[in-house]
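Architecture and fold: a report
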Amino acid sequence: MIDLYIGDSQEHKMKKLVLAFAMALASATLVSAPALSAQDSSGQITISNPAEFNAYQNAITQTDPKAKAAALEDFLKTYPQSVVKQAVLDQLIDTYQQLNDPDQALSAATRLLQLDPTNPKAVFISVFIKKNECEKNIDATGSSKDPQTCDDAAALAQKGLTASKPAGSSDDDWKKMTDATYPIYDSAIALDDAVSKKDYAAAIDEYKKELMLYPPAQTQSGNGLVDTLNLAEAYAKPGPSRNEVDACWFYARAWNFAPPAYKAQIEPKLEYWYKRYHGNLDDLQAVKTAAAGTVFPPSTFSISPAPTPPEIVHNVLASTPDLTKLNLEDKEFILANGTKDDAQKLWSVLQNQMTPVPGVVIDDPADVLKVSVTSTREVKPKDFIVHLTTPAACSAVPPPPTELHVKDAQSYILSNGVKADTDAMGDLLTETTSVRRIAIDPGVSVIKMAVAQDAKDSKTPDFIVNMKAPVACKDAPQVGFEFKLQPADELDATYSSYTPLAATSTRLATAQIVLSDGFIQAQKKAAPVHRRPEVRRRTGE
């Protein structure tokens, strides 16, 4: 997903306005706080205890939001069964919103839902905050790192969509409320379907419902624009719901109205899917123009399909003077889909050549031990590579003993290392008198990468990089880390071999490419700015 929420952007301000609008409707017209008095009268709630009444009055009349929140919380602690508990929680939500404290606002909303499970304000604020938390915890592959929060937001959103109109509210007020909240509910359900449940067909259905609720102008900014882009992303995901034509339409629609800084992020995706379906970028401008005029594609909208994959490959090879200039995804496509002769034409250029490997780390378990042995028989330490019998995530490898605990280190290597490698160390793993110290450093010798978009979506490695030297676990990238090009962290390696993989019912034809002599170039830091010292002339000079 492309993140359109950066800093206190226009989008962030818009979300605050939507929230404030919905909250105002909820508090003013649907769940207004009851009137209070010290005596019974029609339509009023009686607080019979004068001390409780005074505490309530003191809390609700505070003008400073921090003081008001503290006073309301103190009231609830002192009078946990008060007849005005619901009204106090209602005001707490508003107060924490004033303080821009979503955690406490959610806490107040959760407590209010325990008293009134269908309370419109509490449902909406809970959905809104949990949806935002869900959005913040999505990894580079588009999967949720906190699926429970996403599921909770969707479940509450479903409750909001099915809630009945509160007694006493007018049809006009109810319409205003649903116009403000229903799109957010559909958006929360769609997000959960996409990033937690991976049910892209359901996500597409919910995003479409949401966009139908907005006037067309509201899809050109704010949440409507963000979810136009998310709808395009859902259409592009692998599986039976993939529709490349509709993906192109909604990418084009989002591109038309995105702020300039984000057009550069959206356009490569639009061009990728259009070129993948159509074969080239001819007539893409016509699609952009059409998508600017209407939210949904007309029934007559179509994109001419591309030639067959082997035909595309042949045309690319014939029209590309320097095949090394092709990007990695195009090279993989050619190796996977070209005829034997065409694939070999490209491979003869690539083999034994070095290349950056930008993509997402899918797997890089610790699979070796770097061992350094210092003994009285050798001037310099002897270094060994011992493969682990059971590769595991770096975090799961038992920590080795310190280098001075020789017997423990020998036992550790014998217990965890492949026998052929431990045998090669000879009596260094049994001798104790001549061995002075053994340093052990678990490391990673193979990094499995997802480079093509399909590989990223399915979390399947399409590039396997054998490292020139093992990378110590403390320096190894975590699963989900994205290598880019310098000056960012860059992974480089040399083409070694490839294996075409035929298409299946759930995956297009691809190729698994193996590279050797891999190494990591660390991110380059910007050079410090050197300013010429200011020279001041003395008076009279």
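A few points on the structure. (Residues numbered from 1 in each chain as written. Predicted model: local features only at pLDDT ≥ 70, side-chain atom pairs only at ≥ 80, totals over all residues. Heavy atoms only, no water.)

**Let's talk about the overall build of the protein chain**
When its secondary structure is counted, the protein chain shows 19 helices and eleven strands. Of the accessible surface of the protein chain, which amounts to about 27600 Å², a share of 53% is contributed by carbon and sulfur atoms. (Helix = DSSP H or I, 4+ residues; strand = E, 2+ residues; numbered from the N terminus. Areas by Shrake-Rupley, 256 points an atom, 1.4 Å probe, with all protein chains shown as cover.)

**Here we look at the packing of helix α6 (residues 120-136) against helix α7 (residues 147-162)**
Where α6 meets α7, the closest approach of the two axes is 8 Å, and the angle between their N-to-C directions is 150 degrees. Classed by the angle they form, the pair α6 and α7 counts as roughly antiparallel. In the crossing of α6 with α7, the sense of the turn from one axis to the other is left-handed. Of the residues in α7, those in contact with V123, S126, V127, K130, K131, E133 and C134 of α6 are T149, C150, D152, A153, L156, A157, K159 and G160. For the contact of α6 with α7, the residue count by class is seven nonpolar, three polar and five charged. (Axes fitted to C-alpha atoms, helices over the stretch in contact; angles between N-to-C directions. Parallel < 35°, antiparallel > 145°, perpendicular 65-115°, else oblique. Left-handed = near helix turned anticlockwise from the far one by under 90°. Contact = heavy atoms within 4.5 Å. Nonpolar A, V, L, I, M, F, W, Y, C, P; charged D, E, K, R; others polar.)

**Here's the deal with the pattern of salt bridges**
Applying the stated criterion across every chain yields a total of 23 salt bridges. D171 serves as the salt-bridge partner of K165, at 2.5 Å between the closest nitrogen and oxygen. Among the ionic pairs, D454 bridges to R242, the shortest N-O distance being 2.9 Å. Here D454 is found in helix α19 (residues 453-458), whereas its partner R242 is found in the loop between α10 (222-236) and α11 (244-257), with 212 residues between them in sequence. The same class applies to D454 as to R242, namely buried. Bridged by salt links that share partners, the residues R242, E244, R276 and D454 form one connected network. (Salt bridge = Lys/Arg side-chain N within 4 Å of Asp/Glu carboxyl O. Buried < 20%, exposed > 50% of the residue type's maximum accessible area, 1.4 Å probe, protein only.)

**Quick word on the pairing of strand β11 (residues 510-521)**
Pairing of strand β8 (residues 463-472) with β11 involves four bridges; the strand directions are parallel. For V465, the partnering residue across the bridge sits in β11 and is L515. Pairing between strand β10 (residues 490-501) and β11: ten bridges, direction antiparallel. For T499, the partnering residue across the bridge sits in β11 and is Q512. (Pairing = 2+ DSSP bridges.)

**Describing the packing of aromatic side chains**
Enumeration over the complete set of coordinates arrives at twelve aromatic pairs. Ring centres of F124 and F128 lie 5.8 Å apart, and the angle between their planes is 35 degrees; this geometry places the pair in the tilted category. Here F124 pairs with F128, and both are found in helix α6, just four residues apart, close to one helical turn. Considered together, F124 and F128 belong to a single accessibility category, that of buried residues. An angle of 70 degrees between the planes, with centres 4.8 Å apart, marks the rings of W249 and F301 as edge-to-face. Here W249, found in helix α11, pairs with F301, found in the loop between α13 (284-293) and α14 (309-319); they are 52 residues apart in sequence, far enough to count as distant. (Phe/Tyr/Trp six-rings, centres within 6.5 Å; stacked < 30°, edge-to-face > 60°.)

**Focus on the packing of α11 against α13**
It is at 8 Å that the axes of α11 and α13 come closest, and there the two elements cross at 75 degrees. With respect to their mutual orientation, α11 and α13 come out roughly perpendicular. Along the contact surface, α11 presents C248, W249, A252, R253, W255, N256 and F257, while α13 presents V287, K288, A290, A291, A292 and G293. Residue classes in the contact of α11 with α13 are distributed as nine nonpolar, two polar and two charged.

**Some details on the nonpolar core**
V195, L231, Y251 and I266 are the most contacted members of the largest nonpolar core, which has 40 residues in total. When contributions to this core are tallied by element, the ones reaching two or more residues are α8 (171-197), α9 (200-213), α10, α11, α12 (260-278) and α13. With nine residues, the single largest contributor to this core is α11. Among all residues touching Y251, those that are not within four sequence positions of it are L229, A232, E233, A236, I266, K269, L270 and W273. Grouped together as the second largest cluster of nonpolar side chains are 38 residues, A87, Y96, L106 and V127 included. (Core = buried A, V, L, I, M, F, W, Y, C linked by side-chain atoms within 4.5 Å.)

**Regarding the side chain of S144**
With respect to the helices and strands, the residue S144 is situated in the loop between α6 and α7. Looking at S144, its side chain comes within polar contact range of the main-chain nitrogen of D146, at 3.0 Å. Excluding its chain neighbours within four sequence positions, the residues that come into contact with S144 are N137, C150, V195 and S196. (Polar contact = N/O pair within 3.5 Å; in protein donor to acceptor, adjacent residues only side chain to side chain.)

**Focus on the state of the cysteines**
Under the criterion given, the structure shown has two disulfides. Between the sulfur atoms of C134 and its disulfide partner C150 the distance amounts to 2.1 Å. Note on the C134 and C150 pair: the S-S dihedral is about 95 degrees, so by sign convention the disulfide is right-handed. Residue C134 is located in helix α6, and its partner C150 is located in helix α7; the two are separated by 16 residues in the primary sequence. For the pair shown, C134 and C150 are each scored as buried. (Disulfide = S-S within 2.5 Å.)

**Remarks on unusual backbone geometry**
At the junction of Q486 and P487, the peptide bond is cis and its omega measures out at 20 degrees in the coordinates. Along the chain, P487 turns up in the loop between β9 (482-483) and β10. Notably, D517 is not glycine yet its phi reads approximately 55 degrees, a positive angle. Tracing the sequence through the fold places D517 in strand β11. Classification of D517 as partly exposed rests on a relative accessible area of 40%.

**A short note on the side chain of S82**
Within the element layout of this structure, S82 appears in the loop between α3 (65-78) and α4 (85-98). A residue is classified by how much of its surface remains accessible, and S82, at 9% relative accessible area, is buried.

**Structural notes on the environment of K456**
Within the secondary structure, K456 sits in helix α19. Given the relative accessible area of 16%, K456 is considered buried. Placed 95 residues apart in sequence, K456 and V361 show a C-alpha to C-alpha distance of 9.2 Å.

**Digging into the pairing of strand β4 (residues 359-363)**
Extensive coverage of β4 is indicated by the burial of four of its five residues. Bridge count between β4 and β9: two bridges; the pairing is antiparallel. If you follow V360 over to β9, its bridge partner there is E482. Relative to strand β7 (residues 435-450), β4 is paired through three bridges, and the arrangement is antiparallel. Residue pairing in the sheet places D363 in a bridge with K448 of β7.

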